[in-house]
Structures are given as C-alpha cells and as structure tokens.
Amino acid sequence: MRHEAIRSLYANVVSVNGDGDNAVATDKDGKVVSWDADAVATKEAELIAAFKLSELRTERNKRLTETDYWVLADTATATSAQTKYRQDLRDITKSATSLDDVSWPEKP
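What comes next concerns the included structure. Per chain, residue numbering runs from 1 following the sequence as it is written. For a predicted model such as this one, the threshold for reporting local features is a pLDDT of at least 70, and the threshold for listing and counting side-chain atom pairs is 80 or more; totals across whole chains, interfaces and linings nevertheless cover every residue. Hydrogens and waters are ignored; side-chain quantities use all the structure's heavy atoms.

1. Describing the nonpolar core
In step 1: For our purposes a nonpolar core is just a set of buried Ala, Val, Leu, Ile, Met, Phe, Trp, Tyr and Cys residues, chained together by side-chain atoms within 4.5 Å. Relative accessibility under 20% of the residue-type maximum defines a buried residue, over 50% an exposed one, and the middle range a partly exposed one, all with a 1.4 Å probe and only protein chains included. Listed in full, the 10 residues of the largest apolar core are Ala5, Ile6, Tyr10, Val13, Val16, Ala23, Ala25, Val33, Trp35 and Val40.
In step 2: Any two residues having at least one pair of non-hydrogen atoms within 4.5 Å are treated as being in contact. Not counting the four nearest positions on each side in its chain, Val13 is found in contact with Ile6, Arg7, Ala25, Thr26 and Val33.
In step 3: In terms of nonpolar packing, the next biggest core, distinct from the first, is built from 5 residues, Leu64, Trp70, Ala78 and Tyr85 among them.

2. Brief notes about a nonpolar patch on the surface
In step 1: Taken together, the side chains of Met1, Ile48 and Phe51 present a nonpolar region at the surface, about 260 Å² in accessible area.
In step 2: Put simply, DSSP marks the helices as runs of H or I at least four residues long and the strands as runs of E at least two long, and each gets a number from the N terminus on. Here Ile48 lies in helix α2 (residues 37–66).
In step 3: A relative accessible area of 33% places Ile48 in the partly exposed class. Each patch is assembled from residues with relative accessible area greater than 30% and no salt bridge, linking like charges that lie within 9 Å and nonpolar side chains (Val, Leu, Ile, Met, Phe, Trp, Tyr) that lie within 5 Å. Each accessible area is a Shrake-Rupley estimate made with a 1.4 Å probe; only the visible protein chains count as cover when residues are assessed. Each salt bridge in this description consists of a side-chain nitrogen of Lys or Arg and a carboxyl oxygen of Asp or Glu lying within 4 Å of one another.

3. A few points about the packing of helix α1 (residues 2–9) against α2
In step 1: A fitted line through C-alpha atoms represents every axis, and for helices the fit uses only the stretch in contact; the resulting angles, taken between N-to-C directions, go from 0 to 180 degrees. Two numbers describe how α1 lies on α2: the axes approach to 8 Å, and their chain directions differ by 110°. By the angle between their directions, the pair α1 and α2 is classed as roughly perpendicular. Here the hand of the crossing between α1 and α2 comes out right-handed. Taken together, the residues of α2 that come into contact with α1 (itself represented by Arg2, Glu4, Ala5, Ile6, Ser8 and Leu9) are Ala39, Val40, Lys43, Glu44 and Leu47.
In step 2: Residue composition of the contact of α1 with α2, by class: 6 nonpolar, 1 polar and 4 charged. Angle categories: roughly parallel below 35 degrees, roughly antiparallel above 145, roughly perpendicular from 65 to 115, and oblique for all the rest. Here is the rule for handedness: rotate from the far helix to the near one, and if that takes an anticlockwise turn smaller than a right angle the crossing is left-handed, while a clockwise turn gives right-handed. Amino acids are sorted into nonpolar (Ala, Val, Leu, Ile, Met, Phe, Trp, Tyr, Cys and Pro), charged (Asp, Glu, Lys and Arg) and polar (every other residue, Gly among them).

4. Focus: α1
In step 1: Of all the positions in α1, only Arg2, Ala5 and Ile6 are classed as buried. One side of α1 carries all its buried residues, which in axial view fall inside an arc of 100°.
In step 2: Tucked inside the fold, the buried residues of α1 contact β1 (15–17), β2 (24–26) and α2. To obtain the arc, one takes the directions from the helix axis to the C-beta atoms.

5. Regarding the packing of aromatic side chains
In step 1: Only Phe, Tyr and Trp rings are paired, with Trp represented by its six-membered ring, and only when their centres lie within 6.5 Å; those with planes under 30 degrees apart are stacked, over 60 edge-to-face, the remainder tilted. Here the structure, examined in full by the defined rule, presents 2 aromatic pairs.
In step 2: Summarising the aromatic geometry, the rings of Tyr69 and Trp70 are spaced 6.1 Å apart at their centres and angled 65° between planes, so their arrangement reads as edge-to-face.
In step 3: Overall, the relative accessible area of 48% leaves Tyr69 in the partly exposed class.
In step 4: Judged by relative accessible area, Trp70 falls into the buried class, the value being 6%.
In step 5: Charges are assigned to positions over rings by a cutoff of 6 Å between ring centre and Lys NZ or Arg CZ, combined with an angular limit of 35 degrees from the ring normal. The aromatic ring of Trp104 is capped on one face by Arg63, whose charged end is 4.0 Å from the ring centroid.

6. Here's the deal with helix α3 (residues 80–90)
In step 1: For α3, the full list of buried residues reads Gln82, Tyr85, Arg86 and Leu89. The arc enclosing the buried residues of α3, seen along the axis, measures out at 95°, which places them on a common side. Opposite its buried face, α3 presents the exposed residues Ser80 and Lys84, each directed more than 90 degrees away.
In step 2: Among the structural elements, α2 are those in contact with the buried residues of α3.

Set out below in structure tokens:
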C-alpha cells in the first residue's frame, strides 16, 4: 500500500521502487520525487482502512444476496426475523470496520 499512498499524494510520481521508508519515487523524467513519510503513513492507513471496509461490504452484500429470495415479490412474505437479519446486515458497517472486528448476526 505504500506505493499507492505515495502515488495518491504526489500526482507527478509515475514510478515507485523499493519498500517501506526506502521507497524511491520518480517522475516522468526519472527525477527523484521526495515524499513526506508521515503524510504517506497517514494516507497508507486511510487506504488500508478503506480496503478493509470494502472487503466487509463485499461479504455483507454476499450474505444479503443469499437471502434476496426472502423478499422477492413472487415469494412468501419474509418473517420478522428474516427482515431483522437483513436490516442487521445492512447496518453492519455502523459497528464494524473490517472482517477482523465484525460480529455477524445469526441467520434465521
């Protein structure tokens, strides 16, 4: 993620080589672009958090899709437990930020 953070913060960077604080960023002319380690670390943390939240939403959406048939117009009406489960899934990002800290509701 370090490379993505550098590219995100410095629009003139076209290439990043190396790892960690030893990464070297260069522009289109091959000139080294200096970068601020603290700013990059902050941006990297933001990118990681966004990625983890995206993974959480993907799993949540999968679980919602698995229960879509409960609420389709041509099937029986969903029970209150089924409706609550689906709402709890939609609300999951209010209490969790990643797959590491989620407590999934129990499927009825």
